[in-house]
Amino acid sequence: MARFSPQLLQEIKNRLTLSDIVGRRVSWHRQKSQPQKGDYWACCPFHNEKTPSFHVDDRREIYKCFGCGKSGDHFTFLTDKEGLSFPEAVERLADEAGVALPKADPREAEREKKRATLFDVVKLAQDFFRQSLQESGGAAARGYLQKRGLTPETQRRFGIGYAPKSRNALKEYLAGKGIDHHQMVEAGLLVAGPDIPVSYDKFRDRIMFPILDLRERPIAFGGRAMDPDNPAKYMNSPETPLFSKRSVLYNAAAARSAARDRGRVIAVEGYMDVIALAQAGIDEALAPLGTALTPEQLSLIWKMANEPILCFDGDGAGQRAAYRAIDVALPLLAPGKTARFAMLPNSMDPDDILRQQGREAMDEILQSARALSEILWARETEGTDFSTPERRAALEAKTKDVLSAIADQNVRRHYEEAFRTKMRDLFYGQDNRGTNAKGGGARPNYNTRPGYGSSPRNQMQSRSSGTIAMSEQLRRNPLTARNYGSKIQRHHITPRDLLLVATLIYHPTLLDHHLEDFASLSFNNTLLQGIQNALIDGQSRDFGGDGETMRGFLVNRGLAAELEEIDRLVKKLGLWQIQAETGNSIAEIGWKQALALHHRAHTLNDELKAAQRALAEEESEANLERLLDVNAQIARMEGASTLIDGLDGNTE
């Protein structure tokens with residue numbers, strides 16, 4: 001068994017449903033089984049019986065007969081029923097799941113023993129952090145948790161602790177317990193390396209959230225900085241033999257257990273969201289670990305519920321996270337396997353909703369979660385005017401390309417049919433339909449509703465396309481004619497956005513410090529979007545601060561042409577401060593300046609749309625002045641790009 005690590009066995013189980021394996025040998029009892037909950041009953045295949053007492057639980061990945069007592073998982077079913085050896089069972093299911101198995105290696109037994117020891121090391125670290133929270137040095141952390149409304153019982157339930165400010169408090173504690181230095185490093189608890197003379201604690205002055213595996217063993221940590229000026233607000237353990245953040249979800253074990261009873265699972269954005277929901281009695285919540293939802297994590301969630309609710313904060317970053325989740329889900333959709341989206345209003349997170357409005361308000365938001373297909377349609381159509389044949393043809397081509405990502409043919413066919421219906425309604429029917437006075441047929445009226453589909457950012461408000469209705473008198477106003485409709489171009493690469501992406505290509509180590517900020521950015525240019533997604537996906541790799549290694553990774557992702565274009569623009573603008581030979585500190589200063597400008601640009605763009613909506617609703621001088629003022633601010637802000645040394649404001 002030493003040949004097969006727990007992570008490898010779990011990966012096989014994540015890809016195969018236990019009921020599918022067992023279902024080849026039994027017939028499910030239709031009245032007693034509940035497939036939508038992953039709950040199946042049948043007559044036992046291990047002994048003769050007439051009344052079904054054999055139970056398969058897909059969420060917990062176990063079977064049990066309440067008659068003869070037989071129980072087990074994917075592998076034991078094959079060993080018990082078909083007489084296979086354990087390695088043979090693993091090999092058969094691995095082949096079925098498409099998982100490559102390692103060659104037999106006698107040294108793996110020793111590595112397995114090391115992993116077992118690492119569990120003990122991480123558990124000792126958890127004990128230390130919990131103890132530190134209750135000592136005098138943890139007073140500020142206790143005050144923060146109390147301010148956030150976390151009761152002592154909730155803190156104990158989630159094992160929350162505190163990492164002291166000291167550079168070696170944990171190291172000394174573990175050494176006193178007989179843990180050697182190598183084990184501390186291998187468990188991801190120390191920062192060490194050939195260029196670091198003295199190793200030190202990775203987590204310092206942080207509230208600590210233990211991350212558990214599906215057997216509820218601590219395998220890693222997430223730490224929230226107490227210092228508000230710390231650039232890394234949240235920090236996770238590095239990749240270790242126990243922990244791969246692409247395949248792990250915070251609170252997965254508890255959520256899986258609760259999902260069995262509730263029939264649903266809720267994915268939120270962070271630790272505090274999960275904890276706040278649990279404290280309010282919503283135990284079936286879990287969260288990815290500081291990055292976008294991965295295919296591995298989504299597959300794990302689908303083992304718990306066929307239609308999980310993905311709940312995102314009601315701000316721009318939340319909307320972008322929802323859109324990225326759609327792109328992850330599309331290739332994996334299967335009959336009955338989808339997702340629903342609950343978008344929170346007014347830039348609020350679940351903790352805000354629960355504290356300000358209560359459990360009932362949160363339940364209403366979750367119950368009104370929208371289908372993935374609705375959110376996808378809104379993403380592809382919002383803010384666009386389809387008043388010309390060319391734009392309508394572009395939408396058809398775009399949706400065809402997007403839906404081609406769905407691997408399952410039947411699911412893709414149903415999506416294509418649904419989107420064709422939506423396009424007919426958008427172009428010719430329903431709210432865009434006009435009838436003449438003599439009762440004639442429908443006629444196209446493409447300007448009536450140019451932004452079909454409401455934005456998931458705020459379900460209580462419709463999103464304007466930016467095209468507003470104006471009286472002729474107001475339209476002839478020269479100021480209106482000059483300023484109306486100004487908006488940031490959707491395909492132009494601004495110098496600030498170029499700098500935000502190029503800096504992280506040339507200086508990969510900065511990605512570790514600014515991953516959260518970078519992942520939250522929304523670029524209007526598809527070239528930058530592609531590189532951004534690749535950088536985020538590759539963040540867990542060790543690039544060693546080497547820009548060439550990073551470039552090789554991007555080339556392997558099929559982004560060679562995009563890299564050439566980035567290099568051309570960087571050279572044209574003379575951005576010397578981000579070149580590979582420039583120090584990280586100088587490059588980081590420019591990156592932070594560009595980040596501030598990027599956020600300001602998107603804030604102003606939102607203000608512009610609000611001003612346009614206000615003017616469309618009431619053609620007053622006050623609303624006109626507001627529109628012109630926002631336009632003027634946009635012009636000044638665009639000029640502010642010159643504050644970043646080397647930017648001339650023109651990439652074309």
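Residues numbered from 1 in each chain as written. Predicted model: local features only at pLDDT ≥ 70, side-chain atom pairs only at ≥ 80, totals over all residues. Heavy atoms only, no water.

Asks: Even after reading the chapter, I still don't get the overall build of the chain, so can you show me in this structure?
Replies: Looking only at helices and strands, the chain features 27 helices and 17 strands. Counting all 652 residues of the chain, 51% fall into the buried class. Across the chain, the fraction of contacts at a sequence separation of at least 24, relative to all contacts at a separation of at least 6, is 66%. Accessible area of the chain: about 30800 Å², with a carbon and sulfur share of 48%. (Helix = DSSP H or I, 4+ residues; strand = E, 2+ residues; numbered from the N terminus. Buried < 20%, exposed > 50% of the residue type's maximum accessible area, 1.4 Å probe, protein only. Contact = heavy atoms within 4.5 Å. Areas by Shrake-Rupley, 256 points an atom, 1.4 Å probe, with all protein chains shown as cover.)

Asks: Just to check I follow, could you spell out the sheet that holds strand β9 (residues 218–225) for this structure?
Replies: Sheet architecture is open: four strands sit in the order β5-β8-β9-β10, paired in antiparallel fashion. Single-partner strands in this sheet number two, and they are β5 (161–163) and β10 (234–236). When strand polarity is set aside, the average angle formed by the axes of neighbouring strands in this sheet is 35°. (Pairing = 2+ DSSP bridges. Axes fitted to C-alpha atoms, helices over the stretch in contact; angles between N-to-C directions.)

Asks: Can you help me understand the sheet that holds strand β4 (residues 71–72) in this one?
Replies: Neighbouring strands of a sheet are bound in pairs by backbone hydrogen bonds; such pairs are parallel or else antiparallel. Across the sheet, which stays open at both edges, the four strands sit in the order β1-β2-β3-β4 with antiparallel pairing between neighbours. The sheet terminates laterally at β1 (39–42) and β4, the two strands that pair on one side only. Relative to β4, strand β3 (residues 62–65) runs antiparallel, the two being bridged by two bridges. By the bridge assignment, K64 is partnered in β4 with S71.

Asks: Would you mind going over helix α25 (residues 560–573) with me for this structure?
Replies: An α-helix turns once per 3.6 residues; consequently, residues spaced three or four apart project the same way. Taking 1.5 Å of rise per residue, the 14 residues of α25 would be expected to cover 20 Å, and the 20 Å separating its terminal C-alpha atoms lies within 8% of that figure. Those residues of α25 not exposed but buried are L563, I566, L569, V570 and L573. Looking straight down α25, one finds that the buried residues subtend no more than 130° of arc, so they occupy a single side. In α25, the exposed positions that point more than 90 degrees away from the buried face belong to A561, E564 and K571. On its buried face, α25 sits against α21 (495–506), α23 (526–537) and α24 (547–556). G574, located one to two residues past α25, shows a positive phi value of around 65°. (Expected span 1.5 Å × (residues − 1). Arc of directions from axis to C-beta.)

Asks: Help me understand the nonpolar core in this model?
Replies: Within soluble globular proteins, side chains that are nonpolar generally end up buried alongside one another. Ranked by size, the top nonpolar core spans 62 residues in total, and within it Y250 and M362 carry the most contacts. Not counting residues within four places of it along the chain, the set of residues in contact with M362 comprises L277, I282, C311, L344, P350, I353 and L354. V265, I326, L372 and V411 belong to the second-largest nonpolar core, a separate cluster that totals 44 residues. (Core = buried A, V, L, I, M, F, W, Y, C linked by side-chain atoms within 4.5 Å.)

Asks: How do you make sense of helix α4 (residues 86–97) when you look at a structure like this?
Replies: Here α4 spans 16 Å end to end across twelve residues, near enough to the 16 Å set by a 1.5 Å rise per residue. Structurally, α4 contributes buried residues whose contacts are with α1 (6–15), α2 (18–22) and α3 (74–82). Two residues or fewer past α4, G98 is found with a positive phi of approximately 75°.

Asks: Would you mind going over the side chain of S237 with me for this structure?
Replies: Take S237: it is sitting in the loop between β10 and α10 (252–262). On the accessibility criterion, S237 (6% relative accessible area) is buried. In contact with S237, other than residues within four places in its own chain, are K202, F203, A220, F221 and F243.

Asks: Looking at this model, I keep getting lost on the packing of aromatic side chains. Mind explaining?
Replies: For any pair of aromatic rings, the description rests on two quantities: the centre-to-centre distance and the angle between the ring planes. Counted under the stated rule, the structure contains 21 aromatic pairs. A centroid spacing of 5.6 Å and a plane angle of 85° characterise the contact between Y63 and F77, whose relative ring orientation is edge-to-face. One end of the pair, Y63, is in strand β3; the other, F77, is in helix α3, with 14 residues separating them in the sequence. A relative accessible area of 1% places Y63 in the buried class. Exposure remark for F77: the relative accessible area of 0% places this residue in the buried category. Measuring from centroid to centroid gives 6.2 Å for F312 and F341, while their planes differ by 20°, and the two rings are stacked. Taken as a pair, F312 in strand β13 (residues 309–312) and F341 in strand β14 (residues 340–343) lie far apart in primary sequence, 29 residues in all. Each of the two residues, F312 as well as F341, counts as buried. Ring pairs connect the aromatic residues F128, F129, Y173, F203 and F221, which therefore count as one cluster. The ring of F119 has R217 lying over it, and the distance from NZ or CZ to the ring centre is 3.9 Å. Above the ring of F427, the side-chain terminus of R392 is found at 5.8 Å from the ring centroid. (Phe/Tyr/Trp six-rings, centres within 6.5 Å; stacked < 30°, edge-to-face > 60°. Lys NZ or Arg CZ within 6 Å of the ring centre and 35° of its normal.)

Asks: Whenever I open this one, the confidence of the model for the chain confuses me. Can you help?
Replies: Caution is warranted with low-pLDDT regions, since their predicted coordinates should not be read in detail. Residues at a pLDDT of 70 or more form 83% of the chain, whose mean pLDDT is 81. Ignoring residues within four places in sequence, the model shows residues 430–491, a span with pLDDT below 50, making 127 contacts including any to other chains. Note that pLDDT drops below 50 for residues 640–652; the model gives that stretch 36 contacts with residues more than four away or on any other chain. (pLDDT = per-residue confidence, 0-100.)

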